[in-house]
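Residues per chain are reported as follows:
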Amino acid sequence: MTTCVFVQIRCKPGTTYLVADAIALKEIHSELYSTSGEYDLLMKLYIPEGEDVGKFINSHMLDIAGLERTMTTMTFKAF
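Residues numbered from 1 in each chain as written. Predicted model: local features only at pLDDT ≥ 70, side-chain atom pairs only at ≥ 80, totals over all residues. Heavy atoms only, no water.

What follows is about the nonpolar core. In terms of nonpolar packing, the biggest core is built from 17 residues, with Ile 9, Ile 23, Met 43 and Met 61 touching the most fellow members. Listing elements by their share of this core, those giving two or more residues are β1 (3–11), α1 (16–26), β3 (41–47) and α2 (53–61). The contacts of Ile 9, once residues within four sequence positions are left out, are Val 19, Ile 23, Tyr 39, Asp 40, Leu 41, Met 43, Met 61, Leu 67, Arg 69 and Thr 70. (Core = buried A, V, L, I, M, F, W, Y, C linked by side-chain atoms within 4.5 Å. Buried < 20%, exposed > 50% of the residue type's maximum accessible area, 1.4 Å probe, protein only. Helix = DSSP H or I, 4+ residues; strand = E, 2+ residues; numbered from the N terminus. Contact = heavy atoms within 4.5 Å.)

Moving on: the layout of surface pockets. In this structure, the largest pocket spans a volume of roughly 160 Å³. For the largest pocket, the full set of lining residues is Met 1, Thr 2, Thr 3, Cys 4, Tyr 46, Thr 75, Phe 76, Lys 77 and Ala 78. Of the residues in the lining of the largest pocket, the class split is 5 nonpolar, 3 polar and 1 charged. (1 Å grid on protein atoms, 1.4 Å probe; cavity = no way out; pocket = protein on both sides within 12 Å on 5 of 7 lines; lining within 4 Å. Points joined across faces, edges and corners; volume = space filled by probe spheres on them. Nonpolar A, V, L, I, M, F, W, Y, C, P; charged D, E, K, R; others polar.)

Here is the structure:
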């Protein structure tokens, strides 16, 4: 069973499209949206069974230039 998480991503000014392109190339996400407000992008992804959520996200995203901050929201049950 996979774990669904949402990751809000804040980018350095002027880098949102570059960050989005870098994420798309990694093919780790289910959905990726640009957003308004405090964060620039919203990513939905599924963490493979047995993987640590924090380690999975960090190992796939820390090398993306222009990424300033993330906030991960865990999900528990779909209604």
